[in-house]
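Structure assessment
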Amino acid sequence: MIVRQAISIDNPASNAEEAIHAAGQALYQSGACSLEYVQAMVASYLEFGPYFVIAPGLAMPHARPEQGAIKAQLSLVRLREPVVFGHAENDPVQVLLGLSATSSDKHIQLIQHIVTLLADEKNLHTLMNSRDPEQLYQLITSAT
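Below or above, wherever it landed, is the structure these notes cover. Because the structure is predicted, anything quoted here is derived from the model rather than measured.

Quick notes on the overall build of the chain
When its secondary structure is counted, the chain shows 5 helices and 5 strands. Starting at the N terminus, the α and β elements of the chain follow one another as β-α-α-β-β-β-β-α-α-α. If one aligns the C-alpha atoms of the chain with their principal axes, the spans along those axes are about 35 × 30 × 25 Å. By residue count, 52% of the 144 residues in the chain fall in the buried class. By sequence separation, contacts in the chain at least 24 residues apart represent 70% of the contacts at least 6 residues apart. Approximately 7000 Å² of the chain is accessible, and the part contributed by carbon and sulfur atoms is 51%.

Below you can see the structure in the form of structure tokens.
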């Protein structure tokens, strides 16, 4: 689901493209996707806008499986300062959950995992406010 190396706290991204790239790089560096997938994540935002900003302060950028996904995995990037993505209701974004999935089924499984996680307000608060990578790792891996 996630590996410790795919969690980045206090990321200095200053705009949406840099933030998405950081979420993609965390996936790439942990072996979940190719560099082309990272580029496709940014390209998807540029083409379709901030459709993946799913809650106040929270975005889940991704690309299509055939664009270079290697395995199903999440990354977590917490920005030093919130960034505007252009979403009318959920800007600015502070936390990005990058998503790499090798199929539609894996994509749905990861999203269901996140929905389960975020259904608990305590979990959402921890996700949005914790600066402890280990605590965030435990939160994501324990929510099933």
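Remarks on the layout of surface pockets
Roughly 240 Å³ of volume is contained in the largest pocket. Looking at the largest pocket, it is lined by 14 residues, and the ones nearest its centre are H62, A63, R64, P65 and Q67. Counting only elements with at least two residues in the lining of the largest pocket, the list comes to α2 (35–48) and α3 (104–119). Looking at which element gives the most residues to the lining of the largest pocket, the answer is α2, with 5 residues. Within the lining of the largest pocket, the residues separate by chemical class into 6 nonpolar, 6 polar and 2 charged.

Here is what the cut-offs are and how they apply
Sequence order as written defines residue numbering, which begins from 1 separately in each chain. In keeping with the predicted nature of the model, local features appear solely for residues at pLDDT of at least 70, side-chain atom pairs appear and are counted solely at 80 or more, and the whole-chain, interface and lining totals rest on all residues. The side-chain figures draw on all heavy atoms in the structure; neither hydrogens nor water molecules are used. What counts as a helix is a DSSP run of H or I of at least four residues, what counts as a strand is a run of E of at least two, and both are numbered from the N terminus. Classification of residues uses two cut-offs on accessible area relative to the type maximum, computed with a 1.4 Å probe and protein chains only: under 20% is buried, over 50% is exposed, and between them is partly exposed. Any two residues whose heavy atoms approach within 4.5 Å at even a single point are treated as in contact. Residue burial considers only the protein chains on display, and all accessible areas are found by Shrake-Rupley using a 1.4 Å probe. A cavity, in this analysis, means grid points on a 1 Å lattice covering only the protein atoms where a 1.4 Å probe fits yet has no way out; a pocket is instead an open set bounded by protein on both sides within 12 Å along at least five of seven lines, and a residue lines either one if it has an atom within 4 Å of a point. Grid points are joined across faces, edges and corners, and a volume is the space filled by probe spheres set on the points. When residues are sorted by character, Ala, Val, Leu, Ile, Met, Phe, Trp, Tyr, Cys and Pro go into the nonpolar class, Asp, Glu, Lys and Arg into the charged class, and all the rest, Gly among them, into the polar class.

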